[in-house]
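The residues making up each chain are set out below.
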Amino acid sequence: MNVKITRVDKDLPLPKYETEGSVGFDFLCRESVKINPHSLALIPANVIVQTPPGYMLMVTLRSSTPRKRSLLIPHGVGVIDQDYCGDEDEIKIQAYNFSSDPVVVERGDRIAQGIFVRVDVARWSEVDRIESETRGGFGSTGNEGDFR
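(A) Here's a closer look at the overall build of the protein chain. On a plain count of helices and strands, the protein chain comes out with 1 helix and 11 strands. The order of helices and strands in the protein chain, counted from the N terminus, is β-β-β-β-β-β-α-β-β-β-β-β. Compactness check: the protein chain gives a C-alpha radius of gyration of 19 Å against a globular reference of 15 Å for 148 residues, more than 25% above the reference. Considered along the principal axes of its C-alpha atoms, the protein chain spans approximately 60 × 40 × 30 Å.

(B) Region of interest: the pairing of strand E9 (residues 92-97). Here E9 shows one buried face, formed by Ile-93, Ala-95 and Asn-97, and one open face, formed by Lys-92, Gln-94 and Tyr-96. As paired elements, strand E4 (residues 40-44) and E9 share 5 bridges and run antiparallel to each other. Residue pairing in the sheet places Leu-42 in a bridge with Gln-94 of E9.

(C) Up close: the nonpolar core. Counting 25 residues, the largest nonpolar core has Phe-27, Ile-35, Ile-43, Leu-57, Ile-91 and Ile-93 as the members making the most contacts within it. For this core, the secondary structure elements donating two or more residues are strand E2 (25-28), strand E3 (33-35), E4, strand E5 (47-50), strand E6 (55-61), E9, strand E10 (103-105) and strand E11 (110-118). A per-element tally of this core places E6 first, with 4 residues. The residues contacting Ile-91, other than those within four sequence positions of it, are Phe-27, Ile-43, Pro-44, Ala-45, Asn-46, Val-47, Val-49, Leu-57, Val-59 and Ile-80.

(D) Main features of the sheet that holds E6. An order of E2-E11-E6-E8 is seen for the 4 strands of this open sheet, with the pairing classed as antiparallel. Looking at the sheet topology across the chains shown, the edges are occupied by E2 and strand E8 (78-80). Recorded for the sheet is a direction-independent mean angle of 35° between the axes of neighbouring strands.

(E) Structural detail: the sheet that holds E4. Strand order in this open sheet of 3 strands is E4-E9-E7, and the pairing throughout is antiparallel. Looking at the sheet topology across the chains shown, the edges are occupied by E4 and strand E7 (71-72). Sheet topology note: the E7/E9 ladder contains 2 bridges and is antiparallel. Residue Leu-71 lies in a different strand from E9, and its bridge partner there is Asn-97.

(F) Looking closely at the pattern of salt bridges. Across all of its chains, the model carries 8 salt bridges by this definition. Note that Arg-107 and Asp-9 form a salt bridge whose closest N and O atoms lie 2.7 Å from each other. Pair noted here: Arg-107 is in the loop between E10 and E11 and Asp-9 is in the loop between strand E1 (4-7) and E2, with a separation of 98 residues, a long-range link. In this structure, Asp-26 engages Arg-110 in a salt bridge whose closest nitrogen and oxygen atoms are separated by 2.9 Å. On the criterion of sequence distance, the pair formed by Asp-26 in strand E2 and Arg-110 in strand E11 is long-range, its members being 84 residues apart. Put simply, Glu-18, Asp-26, Arg-62 and Arg-110 are held in one network by salt bridges that share partners.

What counts and what doesn't
- Each chain carries its own residue numbering, running from 1 in the written order of its sequence.
- Only residues with pLDDT of at least 70 get local features here, since the model is predicted, and only at 80 or more are side-chain atom pairs given and counted; chain-wide, interface and lining totals rely on the full set of residues.
- As a rule here, side-chain values come from all non-hydrogen atoms in the structure, and water together with hydrogens is ignored.
- Helical segments are the DSSP runs of H or I of at least four residues, strand segments are the runs of E of at least two, and each set is numbered from the N terminus.
- Only C-alpha atoms enter the radius of gyration; for comparison, a globular chain is expected to reach 2.2 Å times N to the power 0.38, where N is the number of residues.
- Buried means the residue's accessible area, taken with a 1.4 Å probe over protein chains only, is under 20% of the maximum for its type, while exposed means over 50%, and partly exposed covers the values in between.
- Any two strands are treated as partners once DSSP identifies two or more bridges connecting them.
- For our purposes a nonpolar core is just a set of buried Ala, Val, Leu, Ile, Met, Phe, Trp, Tyr and Cys residues, chained together by side-chain atoms within 4.5 Å.
- Any pair of residues with heavy atoms lying within 4.5 Å of one another is described as a contacting pair.
- Think of each axis as a best-fit line through the C-alpha atoms, taken over the contacting stretch in the case of a helix, with angles from 0 to 180 degrees between the N-to-C directions.
- Just to be clear on terms, a salt bridge is a Lys or Arg side-chain nitrogen sitting within 4 Å of an Asp or Glu carboxyl oxygen.

Geometric values such as these leave the question of function open.
As structure tokens, this is what we get:
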């Protein structure tokens, strides 16, 4: 897959897949960011990516980031749409510091990864009622509603 990409700071390298078997490529922090305890920050990832038609770009933290840096993405993952690729659309990693100490992400640090995911657009077919086997509502599989 060929993907158009622009680096905001040309002194930093392009994102790369670290191994041949890697599913995600690493984003690099463009400038150092201090994230205060129990606070959110946006970490600039130095790239504008034109996500190919039929795909979304999913952004998630590297698996070591919560353990090593006490950071989480508050909504789990970021979704980069196909039309988020204008001159001002640098990808930014939203990060929450869940520790009691400030966390500094340094310029050039690998903080998150991107994964291209194939998507489709739904065409709605509205009906008065959906005929299906009832499961019993939210959280009904498994323990018969026992949430202990």
